[in-house]
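Observations on chain architecture
Each chain is listed here by its residues.
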Amino acid sequence: MSYCRQEGKDRIIFATKEDHETPSSAELVADDPDDPYEEQGLILPNGDINWNCPCLGGMASGPCGEQFKSAFSCFHYSTEEIKGSDCVDQFRAMQECMQKYPDLYPQEDENDEKSSKDLEAASMEASAAKEEKRSS
């Protein structure tokens, strides 16, 4: 006998072997091939930013979404010789916003930073070794 149980915000559904013996009658909705945001990547064919791209990790929504969009847009559309050098104020505003929500936007701690540097160094050493092999 299958049944449901609510635990806080979660709903737990127990199914029996018999429940799974019959094929599902669920119908899947086909993706809309004309959806301009579906599987387009970060930049849409017209050059606009796809704010729905999963690659943004939800940064475009949330408490600092507007600041993120402002900074990211500025960088994307920047025509300065050093790309994004005209966006310092927008990135500063985004950073200030994120610092107000440390649970949502954790700061990289010193150990993480060291690990990143170690990985970069190892990668550079591997590249140098490959290049050395090619030239000999």
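Residues numbered from 1 in each chain as written. Predicted model: local features only at pLDDT ≥ 70, side-chain atom pairs only at ≥ 80, totals over all residues. Heavy atoms only, no water.

1. Comments concerning the pattern of salt bridges
Counting across every chain of the model gives three salt bridges. When the shortest N-O distance is used, the salt bridge between Asp 89 and Arg 92 registers 3.6 Å. Note that Asp 89 and Arg 92 are positioned in helix α3 (residues 88-99) at a spacing of three residues, about one turn of the helix. With a relative accessible area of 56%, Asp 89 lands in the exposed category. Its relative accessible area of 44% is what places Arg 92 among the partly exposed residues. (Salt bridge = Lys/Arg side-chain N within 4 Å of Asp/Glu carboxyl O. Helix = DSSP H or I, 4+ residues; strand = E, 2+ residues; numbered from the N terminus. Buried < 20%, exposed > 50% of the residue type's maximum accessible area, 1.4 Å probe, protein only.)

2. Remarks on the side chain of Ser 78
On the secondary structure map, Ser 78 appears in the loop between α2 (65-77) and α3. Within the structure, Ser 78 has its side chain in polar contact with the backbone nitrogen of Glu 80 (distance 3.4 Å). If we skip the residues at most four places from it in the chain, Ser 78 touches Lys 83, Gly 84 and Asp 86. (Polar contact = N/O pair within 3.5 Å; in protein donor to acceptor, adjacent residues only side chain to side chain. Contact = heavy atoms within 4.5 Å.)

3. Examining the state of the cysteines
Overall, the coordinates contain three disulfides when judged by the stated rule. Sequence-ordered numbering of the disulfide-bonded cysteines in the protein gives the connectivity 1-2, 3-6, 4-5. (Disulfide = S-S within 2.5 Å.)

4. Digging into the packing of aromatic side chains
For the structure shown, the criterion picks out three aromatic pairs. Ring geometry for Trp 51 and Phe 68: centres 6.3 Å apart, planes at 75 degrees, overall edge-to-face. Linking Trp 51 in the loop between α1 (17-21) and α2 with Phe 68 in helix α2, this pair joins segments that are 17 residues apart in sequence. With centroids separated by 5.5 Å and ring planes inclined at 25 degrees, the aromatic side chains of Phe 68 and Phe 72 adopt a geometry described as stacked. Of the two residues, Phe 68 and Phe 72 both sit in helix α2, four residues apart, roughly one turn of that helix. For Phe 68, a relative accessible area of 9% translates into the label buried. Through successive ring pairs, a cluster of aromatic residues spans Trp 51, Phe 68 and Phe 72. Note that Lys 83 overlies the ring of Phe 75, its terminal NZ or CZ placed 5.5 Å from the centroid. (Phe/Tyr/Trp six-rings, centres within 6.5 Å; stacked < 30°, edge-to-face > 60°. Lys NZ or Arg CZ within 6 Å of the ring centre and 35° of its normal.)

The analysis is restricted to geometry; functional conclusions fall outside its scope.
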